[in-house]
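What follows is each chain in one-letter form.
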Amino acid sequence: MPHPRCGPMPGASLVSSGPGWAAPTRDRMPVTSQTAAQPNTAASRSRKDIGPREFLLLISVLSATTAVGIDLVLPAFPDVRAAFDMPADSSKVAWLITAYFLGLAVGPWLYGPTSDRYGRLKPLNAGLALYAVAAAVGALAPSWPLIVVSRFVWGLGASGPRVLDRKSTRLNFSHVS
């Protein structure tokens, strides 16, 4: 069994078992003749265990949320200028990107300690929910200040998956040299 600070093996649980480290679900099970003889198949793993392919897909999708949040807004700059009566050369619309990046900058200060305390899954789900709600508010916002605030909150939501996917990768593959 690996040292607790080394992190879980591939296929381990996404939920941490306590503050500061995440132990794989398999390593916490007592080894008996039944568990030792059980093959590591999808049917034998618990619901929270995922395989390497699923882990790679999950990390890829989570990593893409940050880029999607930025790239969705860029083509809409001319429409935003027209909708809020801004001059065609106005740089005020760049606040949409600035607010998003400010949220991305503040988010790790929230998600890092929160994930150490509650595990990675709860903060990840909270970040994804915040991401979706802020995106909807931004899309339907009737005023310029509300759009800018929603972009900041959207960035806060996007920083959750951004921070936690890297943390999960680091913990799951820290034993690989």
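Remember, it's a predicted structure, so these values are computed and weren't measured experimentally.

Draft legend 1. Quick peek at the overall build of the protein chain. On a plain count of helices and strands, the protein chain comes out with seven helices and zero strands. Reading the secondary structure of the protein chain in the N-to-C direction produces α-α-α-α-α-α-α. Expressed as a percentage of its 177 residues, the buried residues of the protein chain come to 38%. Expressed as a percentage of contacts within the protein chain between residues at least 6 apart in sequence, the contacts between residues at least 24 apart total 72%. Just so you have it, the protein chain exposes about 10,300 Å², and 67% of that area is on carbon and sulfur atoms.

Draft legend 2. Just the side chain of Thr66, in detail. For Thr66, the position within the fold is in helix α3 (residues 52–71). In this structure Thr66 comes out as buried when scored by relative accessible area, which is 12%. Ignoring sequence-local partners within four residues, the contact set of Thr66 consists of Tyr100, Leu104, Ala158 and Arg162.

Draft legend 3. Region of interest: the confidence of the model for the protein chain. Per-residue confidence for the protein chain gives a mean pLDDT of 79, with 72% of residues at or over 70. The lowest-confidence element of the protein chain is helix α1 (residues 25–28), averaging 44 in pLDDT; the highest-confidence one is helix α6 (residues 121–140), averaging 95. Across residues 1–37, where pLDDT falls below 50, the model places 69 contacts with residues more than four positions away in sequence or in other chains.

Draft legend 4. Structural detail: a nonpolar patch on the surface. On the surface, Val133, Val137 and Leu146 cluster together to form a nonpolar patch covering roughly 220 Å² of accessible area. Topologically, Leu146 is positioned in helix α7 (residues 144–172).

Draft legend 5. The arrangement of unusual backbone geometry in detail. Positive phi, close to 50 degrees, is recorded for Asp85, a residue that is not glycine. Take Asp85: it is sitting in the loop between α4 (77–83) and α5 (95–118). What makes Asp85 exposed here is its relative accessible area of 71%.

Draft legend 6. Quick look at the packing of aromatic side chains. Counted according to the given criterion, the structure contains four aromatic pairs. Aromatic pair Tyr100 and Phe101: ring centres 6.4 Å apart, planes at 80 degrees, arrangement edge-to-face. Using a relative accessible area of 0% as the deciding quantity, one classes Tyr100 as buried. On the basis of relative accessible area, Phe101 is assigned to the partly exposed category, the value being 43%. Residues Tyr131 and Trp154 carry aromatic rings whose centres are separated by 5.9 Å and whose planes lie at 80 degrees to one another, so their mutual orientation is edge-to-face. On the criterion of sequence distance, the pair formed by Tyr131 in helix α6 and Trp154 in helix α7 is long-range, its members being 23 residues apart. In terms of burial, Tyr131 and Trp154 fall into one category: buried. The ring of Trp154 has Arg151 sitting right over it, with the charged end atom 4.6 Å from the ring centre.

Draft legend 7. View of the packing of α3 against α6. Contact pair α3 / α6: the axes reach a minimum separation of 12 Å and the direction vectors enclose 25 degrees. Taken together, the axes of α3 and α6 are roughly parallel relative to one another. For α3 against α6, the interelement crossing comes out left-handed. Within the contact between the two elements, α3 uses Leu62, Thr65, Val68 and Gly69 and α6 uses Leu124, Leu128 and Tyr131. Here the contact of α3 with α6 is built from residues that sort into five nonpolar, two polar and no charged.

So, how was this worked out
- Residues numbered from 1 in each chain as written.
- Predicted model: local features only at pLDDT ≥ 70, side-chain atom pairs only at ≥ 80, totals over all residues.
- Heavy atoms only, no water.
- Helix = DSSP H or I, 4+ residues; strand = E, 2+ residues; numbered from the N terminus.
- Buried < 20%, exposed > 50% of the residue type's maximum accessible area, 1.4 Å probe, protein only.
- Contact = heavy atoms within 4.5 Å.
- Areas by Shrake-Rupley, 256 points an atom, 1.4 Å probe, with all protein chains shown as cover.
- pLDDT = per-residue confidence, 0-100.
- Patch = residues over 30% accessible without salt bridge, like charges linked within 9 Å, V, L, I, M, F, W, Y side chains within 5 Å.
- Salt bridge = Lys/Arg side-chain N within 4 Å of Asp/Glu carboxyl O.
- Phe/Tyr/Trp six-rings, centres within 6.5 Å; stacked < 30°, edge-to-face > 60°.
- Lys NZ or Arg CZ within 6 Å of the ring centre and 35° of its normal.
- Axes fitted to C-alpha atoms, helices over the stretch in contact; angles between N-to-C directions.
- Parallel < 35°, antiparallel > 145°, perpendicular 65-115°, else oblique.
- Left-handed = near helix turned anticlockwise from the far one by under 90°.
- Nonpolar A, V, L, I, M, F, W, Y, C, P; charged D, E, K, R; others polar.

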